[in-house]
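# Chains, contacts and geometry: an overview
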Amino acid sequence: CIRDSTGACLVMFLVLLHQTLAYETFAIYRWYHPHIHDHFYTISQAENAGRHGYNFEGIGFYTLKRQEAGSVPIHRILRSTGDHFYTTNGIEASSVGGSREGIIGYAYTSQVAGSVPLYRYFCPKCRVGDHFYTIYPHLEKLNGYNLEGIIGYVMPTPGKAPKPTPPPPPPPVSYT
């Protein structure tokens with residue numbers, strides 16, 4: 001409150017304190033099976049897809065560890081063809097067929113500061129009909145793969161994902 005010389009309140013300001021909280025992320029490890037042409041993504045190195053003929057390709061991207069405002073789960077599904085399929089669309093997760101294997105993390109539904117699109121590509125010529133997920137948009141020349149679209153927004157680096165920016169404070173209110 002700003003007061004005049006008599007102590008009367010002339011103008012009152014509403015101040016919002018903004019906590020700089022951030023959300024923790026999971027590393028998503030990418031594996032590839034060269035004989036069946038399948039990409040596999042997991043949060044657990046202990047899952048060790050290498051023992052099933054998969055080669056480790058590194059960390060693909062980072063997801064939120066917990067569901068936060070503006071995020072949705074990324075479902076992991078093993079399709080009957082042998083393809084590991086990932087989606088943020090609950091209807092698609094129910095209709096694609098195969099065994100649901102859980103959630104590998106959470107993705108934002110729209111871009112927030114620091115996030116990047118997660119692209120889904122599909123290879124119809126690959127033995128299992130492979131789906132490939134990446135944060136790199138310029139893979140048009142990826143041999144035999146076609147871009148299907150963006151399934152959500154994830155983090156390109158480890159650590160803390162920023163909270164979505166809060167709305168600005170309301171304008172000052174004047175009392176006379």
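Just so you know, these numbers come straight off a predicted model, no measurement behind them. (Residues numbered from 1 in each chain as written. Predicted model: local features only at pLDDT ≥ 70, side-chain atom pairs only at ≥ 80, totals over all residues. Heavy atoms only, no water.)

### As for the environment of Ser 110
Within the secondary structure, Ser 110 is located in the loop between strand E8 (99-108) and strand E9 (116-122). According to the relative accessible area criterion, Ser 110 is partly exposed, its value standing at 43%. Taking the C-alpha atoms as reference points, Ser 110 and Gly 152, separated by 42 residues in sequence, lie 6.9 Å from one another. (Helix = DSSP H or I, 4+ residues; strand = E, 2+ residues; numbered from the N terminus. Buried < 20%, exposed > 50% of the residue type's maximum accessible area, 1.4 Å probe, protein only.)

### Thoughts on unusual backbone geometry
Positive phi, close to 55°, is recorded for His 37, a residue that is not glycine. If you trace the backbone, His 37 turns up in the loop between strand E3 (22-33) and strand E4 (38-42). We classify His 37 as partly exposed; its relative accessible area is 29%.

### Concerning the nonpolar core
A general tendency of soluble globular proteins is for nonpolar side chains to be buried together. If you look at the biggest cluster of nonpolar residues, it comprises 34 residues, and the most contacted ones within it are Tyr 41, Phe 61, Tyr 86, Tyr 108, Leu 118, Tyr 133 and Val 154. No other element matches E3, which puts 5 residues into this core. (Core = buried A, V, L, I, M, F, W, Y, C linked by side-chain atoms within 4.5 Å.)

### Overview of the environment of Tyr 108
Here Tyr 108 is to be found in strand E8. By relative accessible area, which is 2% here, Tyr 108 ends up buried. In the structure, Tyr 108 is positioned 20 residues away from Thr 88 in sequence and 9.4 Å away in space, judged by C-alpha atoms.

### Considerations on the packing of aromatic side chains
In the structure shown here, the tally under the stated rule is 9 aromatic pairs. Their ring planes at 35° and their centres at 6.1 Å tell us that Tyr 41 and Phe 61 sit as a pair that is tilted. Taken as a pair, Tyr 41 in strand E4 and Phe 61 in strand E5 (residues 55-64) lie far apart in primary sequence, 20 residues in all. Here Tyr 41 and Phe 61 have matching classes, each one buried. Ring-pair connections join several aromatic residues into one group, and the members of that group are Tyr 41, Phe 61, Tyr 86 and Tyr 133. (Phe/Tyr/Trp six-rings, centres within 6.5 Å; stacked < 30°, edge-to-face > 60°.)

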